[in-house]
Amino acid sequence: MNAASPYFGQIINLLAAILLLLSFAMLSQRRILSLIDLFMAQGAVLCASTAVVAYATGQNHLYVSAGITLLLKVMLLPWILHRLIRRLNVKWDVETLINIPTTMLIGIVLVIFAFNLALPISQLAGTITRSTLGIAMAAVLLAFLMMITRSKAVPQVIGFLSMENGLFFAATSATYGMPMVVELGIALDVLVGMVILGVFFFQIREQFDSLDIRHLEQLKDD
Amino acid sequence: MNANLAAGILLQFLELIAALVLAPLLSGWVNQCRALLQNRSAPPLMLPYRQIAKLFEKEVVLAGNASSLFRAAPYIIFACMALASLIVPTLSTDLPFAAAADAIALVGIFALARVFIALAGMDVGTSFGSLGARREMLIGFLAEPALLMVFFTTSLISQSTSLAIIVETLGHREFAIYPSLAFAGVAFTMVSLAENARVPVDNPTTHLELTMIHEAMILEYSGRHLALIEWAASLKLYAYSCIGLALFFPWGIPQGVGIETLLIAMPALLFKLAVGGVILALIETLSAKMRIFRAPEFLGTAFLLAVLAMLVHLLLEAGK
Amino acid sequence: MQDALAAPLAIDWLLALVLCWLLLGLAGMVAQRNLRYVARTLFPLGAAVGLAIAGVAFAALGEVPETVVLPLGLPDLPFHLRLDSLSALFLVILGGIAAGISIYAAGYLRKGEGTAPGLQCLQYHIFLASMALVLLADDAYAFMVAWELMALSSFFLVTSDHRNPEIRRAGYLYLLIAHIGAIGILLSFGVLQGGNDMAASNGVSDYTFAHMRMMHPDGFWATAAFGLALFGFGAKAGLVPLHVWLPEAHPAAPSPVSAMMSAVMLKTAIYGFLRVSFDLLQTRLWWWGVVVLMLGLFTALFGVIFSAVQTDMKRLLAYSSIENIGLLFVGIGLALTFDGFDMTILAALALTAVLYHCLNHAAFKSLLFLATGAVLHATKERSLGKLGGLIHKMPWVAWLSLLGVLASAGLPPLNGFVSEWLLLQSFLFTPGLPHGYINMLIPVAAAAVALTAAIAGYAMVKFFGIIFLGQPREERLAEAHDAGLLERIAMIWLGGLCVALGIFPVFVIEQLDAVTQLLVGTGLGAAVRSGGWLLLAPVSENRASYEPLVFLLVILAVGAATFMLVRRFWHGRVRITGAWDCGWTLQSARMQDTSEGFGQPLRQVFSPFYRMTREEPGSFDKAPRYSIVVEDHFWYWLYLPVARAADMGTRMVAFLQQGRISVYLLYSFVTLIVLLFLIRG
């Protein structure tokens, strides 16, 4: 066990901070392509932090989680998203529903909320990663916020995926990850969800000639 | 004790001379890197010196209704920037002058210079001048608090707003990773780009008046006044670079005073500045200038990131 | 009383001086229309009295509190007066600023402007005397009498040009909100008084402050008293959302009066709030501080973003006053929070920042208001869009107001920076508050304060640049003349205060020590003194330090050295021609940025805060017109609905008014029957 070394804790904290930074970057990003890049970076950070936790605590199953993350979130999903975008031809900037500084301001409020929420929980947890729980929760909430403020379908899906990243990170930091079965199940869910949503995109566009979700409001009258 | 103080004052003086000499060189170096990165043939490294010398030779052409404020402003701005470069620890942290102004006062100096340059821009009463002044103040009112928050983050870490002590804490105490500095660093980079009229916000080499910010304010200046303002602008870039280096890469700034420490500090400073210049040129090459109304968004993001840096510090680092 | 006659106390001197003010005011009534007599004799005398008050009060700082009972007023309710360090500090502000403003007024009064000079003299001196009494009062009765006197005399001063309906409207609004606030203060004193069972046994009369200090109200009643005081004094100070009178009344009043109101009268509200929350209330809860902090932050941000988009120079300053009041409340909130957690040294730091800012704001805001008065007299123009280029015609006013502008923008080495610096320092020392949310709130609040200060710089550049720089926007501005000698002396005095307060902070903080000792039981005096008179280090030199004098000297030295070296090595040749402006030949003064244009970026960035009505020309308009009116949401969201509700209510009551005597008699009859029945029951 080399958990005694303070540097692992610090490195994990640093990675957590970068994760949060990326969440904010996604919140303020208009371009879909950059969003995918940021999502990829987030996956990479997640993978790295899981690996560090695995090394620091000797929990070998976490290596597997890190591997799955790497495969799924850094390679497969961005690839699918890129393909989707090329097929759908939606590369342009997307205006947000609320302007970006306001969104960021709400984001900061959420971070304060999440940090304070996590404070009592993380005191209970005995893991070396416990202080990052607040950041994980903040990442989940920020991804949620991002989904709310986007009107186009693709950024919403990226928000959804990023939310899953936050949850995954929360699980790692609170209890050193979920049981393997659950983790595999979630990975599969995400993949299937992605495929379904991809089909869904084409359907929306065929129906409305656009991926603007605001068009779905029209369905109400039918 | 007195000998120490004398040495300190000498070092302080040396720091000022270094700033005055190195500042145009840094601008020249950034321009050269930028040209090379953009596949242009690079201007000579010494060009800024020659430009300043040439401007000093030229006579001043003054608009008829320029007031005395217009003529005094270049000296005030130059003095502010010189003072700023005196305060930032570059060669040593043991400066007798460090107590005179802390990080908040440093932000105040930059604000003072900004107010004077904006007022000078409005003085002649041309449309471009006041346009530039308005935009400069727009950039300023968002960049200034962001810079202050970056300093606050480091102050929270080191329990002090004195720059010398901040640098000592970050550079010489036990090595530790501060995640909050990641946020502060990003925010600081964004602020420095805006404050020094660099590409995503302003273009230092533009010739299109409608897109100008910094250049628009100084359109009416000529001769020695313009030379001083150009020199002050390069001093500002130098001071910001040194702040960045001092806060985020403080290694190599010695604590003591002496010949042998200088021998380490000087090459370290030059090396870090050279690398910093390359990075700046790279950022400028890779990004495109934004519309002026994207600038508040850009700076607002920087501001909020700096606030986040403080929050992250409180969550992850405080109480350990 | 016998002792007092034997050796007059400071408070006796002060009372005598206040009486002098009153007598000067009455002397004005002797020859109401004689401008020379009123302006050249009475006002300078008033200024001398002001200086004397400042001097006596300054000497009383840190001395033992002195009390006096005046057998005035109602039987059994004599006026209790008391002079302690807190009153003394605010009396110093009052006296010092009044000295400047009275001298200015001596040169400012003109024939045919507003009411007769003698009457203005009376109102003005009653206003000054009533403010002094507010600061000296030691019982609720004397306080409320002085408070009302202050409101009324300032109301008459505001409406001195009462032929203008807009000014009457502004005056009415001011009086209305002043009275709503006064009700809050009165009720707060009532709650503080509590029962009167204790008093009799201790020999302390009812409704004196001494009595209130002995009460220890429980949490609920303490909160009630605190909330009412916050409401009442907040209304006087201009705390959002009770600020609406301020930007109306300040521009309406003659400039010396606006200066007096903004510089000193708003401070009496701060004084009252400090008095109630730190002196009279013995129980303090930490969360009050958070409430005050949030309100203050909102007020500061609100004030400053409105200040930057104003087109009337006095309104711009009025909104800037709102901002400064907000900052003061932020400091008070911080101090309350720290005090609630028993961190007294931090509370003292925050309070020092508050008191220092009171001094600073009084100095620079009166200077700026006086400058607008000079501009107004020289040009007959208040709208920024019609001014410009006045630095050539009015160099004295321009350079002096540059001092005020730099101080107001919080730039070193002037005074505004020092208090801002102290305030930010007290934010920075916070971590470690035993409450998660508050701990996280503090950095966000610090960020908001920094943002406010930076936007204040924007507004001040706009103020100075549009009025004094550029080309004159109207032709008749060429006839503008500089301020007269008396006006210049006044502005030099106030400008000198701005510089002195900025350069010698250590000395000032040593004096403030006495006040913070009184309020929170500790002060920064010792810590500051240890650093020497040059170095300001409020807690320790390793944490933070600032040397304004060195700062100023280096800037001057480097500037001068550069100037000499450039002259020595090169030349000083100058050729004067027309402006270049990139070769655009068709240049007119109309093509400069207007005040609307200068505010446009802020309107864009903070658009949700403003209620904007734009009138834009079409593409093919022959005579295009563009106009924009920026208003306050609060007016529409809060005041108009309240006014409408009040209107509806009165309409219902008006239903009773039939106009027939017999119906009125019926009302009385029914009332009588009901009352008789009730007594019977």
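Residues numbered from 1 in each chain as written. Chains lettered and ligands numbered in written order. Predicted model: local features only at pLDDT ≥ 70, side-chain atom pairs only at ≥ 80, totals over all residues. Heavy atoms only, no water.

Comments concerning the overall build of chain B
Check the secondary structure of chain B and you find 11 helices and 1 strand. Along its sequence from the N terminus, chain B presents helices and strands in the succession α-α-β-α-α-α-α-α-α-α-α-α. For chain B, the C-alpha radius of gyration of 19 Å lies close to 20 Å, the compact-globule estimate for 320 residues. If you average the places of the 18 positive and of the 20 negative side-chain charges in chain B, the two averages end up 8 Å apart. (Helix = DSSP H or I, 4+ residues; strand = E, 2+ residues; numbered from the N terminus. Rg over C-alpha atoms; globule rule 2.2 N^0.38 Å. Lys, Arg positive; Asp, Glu negative; His and termini not counted. Charge placed at Lys NZ, Arg CZ, Asp CG, Glu CD.)

Remarks on the side chain of H571 of chain C
Counting through the fold element by element, H571 of chain C comes out in the loop between α23 (548-569) and β3 (574-577). Among the polar contacts listed, one links the side chain of H571 of chain C to the backbone oxygen of F56 of chain B, at a separation of 3.4 Å. Of note is the side chain of H571 of chain C, whose polar atom sits 3.1 Å from the backbone nitrogen of R573 of chain C. The contacts of H571 of chain C, once residues within four sequence positions are left out, are F56, E57, K58, E59 and R224 of chain B together with V566 of chain C. (Polar contact = N/O pair within 3.5 Å; in protein donor to acceptor, adjacent residues only side chain to side chain. Contact = heavy atoms within 4.5 Å.)

Describing the packing of helix α2 (residues 32-57) of chain A against helix α6 (residues 153-175) of chain A
Residue and element names in this part refer to chain A. Where α2 contacts α6, the axes come no closer than 11 Å and their chain directions differ by 10 degrees. Considering their axes alone, α2 and α6 lie roughly parallel with respect to each other. Across the interface between the two elements, I32, L35, I36, F39, Q42, G43, L46, S49, T50 and V53 from α2 touch V154, P155, I158, L161, S162, N165, F168, F169 and T172 from α6. (Axes fitted to C-alpha atoms, helices over the stretch in contact; angles between N-to-C directions. Parallel < 35°, antiparallel > 145°, perpendicular 65-115°, else oblique.)

Concerning the environment of L62 of chain A
Inspection of the secondary structure puts L62 of chain A in helix α3 (residues 61-88). It is 29 Å that separates the C-alpha atoms of L62 of chain A and L27 of chain A, two residues lying 35 residues apart in sequence.

As for the interface of chain B and chain A
Taken together, the contact pairs 20 residues of chain B with 25 residues of chain A. Around 2,000 Å² of area is buried between chain B and chain A when both sides are counted, 78% of it from carbon and sulfur atoms. On the chain B side of the interface with chain A, the three residues burying the most area are I177, L304 and L315 of chain B, jointly 29% of the side's total. Run the count over chain B and chain A and you get 1 salt bridge. The partner of R30 of chain A in a salt bridge is E297 of chain B, with the nearest N and O atoms 2.8 Å apart. Where chain B packs against chain A, one counts 1 residue pair in polar contact (both at pLDDT 80 or more). In terms of residues, the side of chain B that touches chain A owes the most to one element, helix α11 (residues 295-317) of chain B, which gives 10 residues. (Buried area = accessible area lost by both parts, 1.4 Å probe. Salt bridge = Lys/Arg side-chain N within 4 Å of Asp/Glu carboxyl O.)

Quick look at the state of the cysteines
Summed over the entire model, instances satisfying the criterion amount to 0 disulfides over all chains. Of all cysteine sulfurs in the structure, the one in C242 of chain B sits closest to C33 of chain B, which takes part in no disulfide; the separation is 16 Å. The class for C33 of chain B is buried, based on a relative accessible area of 9%. In this model C20 of chain C remains outside any disulfide bridge; the closest cysteine sulfur is found in C121 of chain C, 13 Å from its own. (Disulfide = S-S within 2.5 Å. Buried < 20%, exposed > 50% of the residue type's maximum accessible area, 1.4 Å probe, protein only.)

Some thoughts on helix α3 (residues 35-60) of chain C
Residue and element names in this part refer to chain C. Along its 26 residues, α3 runs 36 Å from first to last C-alpha, staying within 8% of the 38 Å computed at 1.5 Å per residue. Of the residues flanking the start of α3, the one acting as N-cap is N34, its side-chain oxygen 3.2 Å from the backbone nitrogen of R36. Looking at the residues trailing α3, positive phi occurs at G62, about 85 degrees. (Expected span 1.5 Å × (residues − 1).)

Focus: the side chain of S222 of chain B
All names here are of chain B. Within the secondary structure layout, S222 lies in the loop between α8 (214-217) and α9 (223-248). Looking at S222, its side chain comes within polar contact range of the main-chain nitrogen of V61, at 2.8 Å. Not counting residues up to four positions away in its chain, the partners in contact with S222 are E59, V60 and V61.

Overview of the interface of chain B and chain C
Counting from both sides, the interface comprises 78 residues of chain B and, opposite them, 76 residues of chain C. Surface buried jointly by chain B and chain C totals about 6,800 Å² across both partners, of which 72% is contributed by carbon and sulfur atoms. There are 2 salt bridges connecting chain B and chain C. In this structure, the salt-bridge partner of E59 of chain B is R575 of chain C, at a minimum N-O distance of 2.8 Å. If you look at where chain B meets chain C, you find 24 residue pairs in polar contact (both at pLDDT 80 or more).

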